[in-house]
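# Observations on the model geometry
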Amino acid sequence: MFEECQCRCKFQFSLESSRLIEIDHSNPLKMISKTITDSIETMGIYCFGQRKMIKSVTKTILDVNEVDFESNHFYLFVIVKQYKENFTADIADIIKNRTNGKYTVTILLQTNKSLFQKSRDQQYFFYQVMQKAQLIFQSNAKPPCLIFDEIPIRNINSTKRYIHQRNGIKNIFSEAEAMDNGNATKVNIFMMHIVVEQMCLELIRVFLGYTPNHFSLSYLFDLCEYFTPLTSEIFPRQTDKDKLLLKLLSCNMSSLRHGAMDEVPRHDYEVLSNRYYEFIERADKLIANELERLQNGNITLNN
């Protein structure tokens, strides 16, 4: 109980002090790792990728003709002593707000214990990260440790079983949405949400060998962008309208527990529906091609 209260206090302090800490732009990962370690007992942090985004706006009638904004998105693998619900989203928001959007993160949060409990397919991903990624923090008292008798390899059969399970869920909701005569309600949007979520989970498992433990659509889209531009192409998040459509698609089941199943604007529904079907079609092709590539690359098929 004491440890839980202490952890909560640390996290609340990081929220309240987020604007008080000076940012060292020459070493943003130092600031990011400190933000994380101040909020949760951390054993190790690895940076396994970075994505730069540059926005340039030309304004011919103003004295300043061009406005540039560069943001950096980091992919972090964080090993902690104890898992904390919603920490992934909360700490990402703190970092984004603290840096005014200049630095953002996608965090893959795992306990040290879970590293040993996950399937061999995921241990392949853990091994790749811990061997090849940039180590930006390691606890002196409790460093992360993952011992292998042999180098892990991809388990294609396990991945195929995972895809089969996701497809079963997708098919149920796809058929239900199709049978509803195209009604534009929150229920229809929620069914699209489930199918898109399951599709993202398939993509992540096939391309990375990893299964996330955080499931918001914006988070899954960011993780998919690590290996494909598909989600950013079909579900852009640049304009206010883009963000409104994503918010609509991200509706939670809890929104259906009270009141009527509200109609949504027909035009918004049609735009989302078109993007939804395009995403499913293109994602299925990506998955099939990647599975074929893995199998043709002499990857051992394990049972």
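Below you will find a few notes about this structure. The structure presented is a predicted model; accordingly, all values stated were derived computationally and were not measured.

## Here we look at the packing of aromatic side chains
Throughout the structure, instances matching the rule amount to 14 aromatic pairs. Residues Tyr75 and Tyr226 carry aromatic rings whose centres are separated by 5.0 Å and whose planes lie at 65° to one another, so their mutual orientation is edge-to-face. With Tyr75 in strand β2 (residues 66-80) and Tyr226 in the loop between α8 (217-224) and α9 (230-234), the pair connects residues that are 151 residues apart, well separated along the chain. Accessibility expressed as a relative area gives 32% for Tyr226, which makes it partly exposed. Judged by centre distance (6.5 Å) and plane angle (70°), the rings of Phe126 and Tyr210 are edge-to-face. Here Phe126 is found in helix α5 (residues 120-132), whereas its partner Tyr210 is found in the loop between α7 (186-208) and α8, with 84 residues between them in sequence.

## Section: the packing of α7 against helix α11 (residues 266-296)
The N-to-C vectors of α7 and α11 enclose an angle of 20°; their axes lie 10 Å apart at closest approach. Overall, the two elements α7 and α11 adopt an arrangement that is roughly parallel. Crossing geometry of α7 relative to α11 is assigned as left-handed. Residue classes in the contact of α7 with α11 are distributed as 19 nonpolar, two polar and three charged.

## Focus on the nonpolar core
One finds Phe77, Phe125 and Phe279 to be the most contacted residues of the largest nonpolar core, which totals 56 residues. The dominant element in this core, judged by the number of residues it contributes, is α7, at 13 residues. Judged by nonpolar contacts, the second largest core, of 20 residues, contains Ile36, Cys47, Val78 and Val105.

## Description of the packing of helix α10 (residues 240-249) against α11
α11 packs onto α10 with a crossing angle of 80° between their chain directions and a minimal axis gap of 11 Å. Judged on the interaxial angle alone, α11 and α10 are roughly perpendicular. Every residue of α11 that contacts α10 at Lys241, Asp242, Leu245, Leu248 and Leu249 is listed here: Asp268, Val271, Leu272 and Arg275. Looking at the contact of α10 with α11 residue by residue, the class counts come to five nonpolar, no polar and four charged.

Thresholds applied
- Residues numbered from 1 in each chain as written.
- Predicted model: local features only at pLDDT ≥ 70, side-chain atom pairs only at ≥ 80, totals over all residues.
- Heavy atoms only, no water.
- Phe/Tyr/Trp six-rings, centres within 6.5 Å; stacked < 30°, edge-to-face > 60°.
- Helix = DSSP H or I, 4+ residues; strand = E, 2+ residues; numbered from the N terminus.
- Buried < 20%, exposed > 50% of the residue type's maximum accessible area, 1.4 Å probe, protein only.
- Axes fitted to C-alpha atoms, helices over the stretch in contact; angles between N-to-C directions.
- Parallel < 35°, antiparallel > 145°, perpendicular 65-115°, else oblique.
- Left-handed = near helix turned anticlockwise from the far one by under 90°.
- Nonpolar A, V, L, I, M, F, W, Y, C, P; charged D, E, K, R; others polar.
- Core = buried A, V, L, I, M, F, W, Y, C linked by side-chain atoms within 4.5 Å.
- Contact = heavy atoms within 4.5 Å.

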